[in-house]
Amino acid sequence: MKLRQAKKIMKNFRTYSEMIWVYGSGRVEIACNRMCRYHSKTNEKFKKIYQLVNENPIAFAQAIRLISKNK
């Protein structure tokens, strides 16, 4: 999937959550993975967060909860 297509799918999905019925969950997931790879290449912080999510999703969820409680 091209980056342009992935951006369009993710924009539409964020704007209208019902678009999952149009695109299908598989295509939205592929677009999400494509956008994550793109942002990992351009942003070092995003790359580290993405690696943590892939390695240990429970630890990531706990860290997000802890951060949101402190705000």
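Details of the structure are given in the entry above.
Residues numbered from 1 in each chain as written. Predicted model: local features only at pLDDT ≥ 70, side-chain atom pairs only at ≥ 80, totals over all residues. Heavy atoms only, no water.

J.: Account for the nonpolar core, with residues named and values stated.
T.: Grouped together as the largest cluster of nonpolar side chains are eight residues: Ala6, Ile9, Met10, Met19, Tyr23, Val28, Ala31 and Met35. Setting aside chain neighbours within four positions, we find valine 28 in contact with Ile9, Met10, Phe13, Ile20 and Tyr23. (Core = buried A, V, L, I, M, F, W, Y, C linked by side-chain atoms within 4.5 Å. Buried < 20%, exposed > 50% of the residue type's maximum accessible area, 1.4 Å probe, protein only. Contact = heavy atoms within 4.5 Å.)

J.: Quick one: what's the story with the environment of isoleucine 20, residue by residue and with numbers?
T.: Residue placement: isoleucine 20 occurs in helix H2 (residues 20-23). Here isoleucine 20 falls in the partly exposed class, since its relative accessible area comes to 27%. Distance from isoleucine 20 to asparagine 56, taken between C-alpha atoms, is 27 Å for residues 36 residues apart in sequence. Leaving out residues up to four positions away in the same chain, isoleucine 20 has contacts with Phe13, Ser25 and Val28. (Helix = DSSP H or I, 4+ residues; strand = E, 2+ residues; numbered from the N terminus.)

That's the geometry; what it means functionally is another story.
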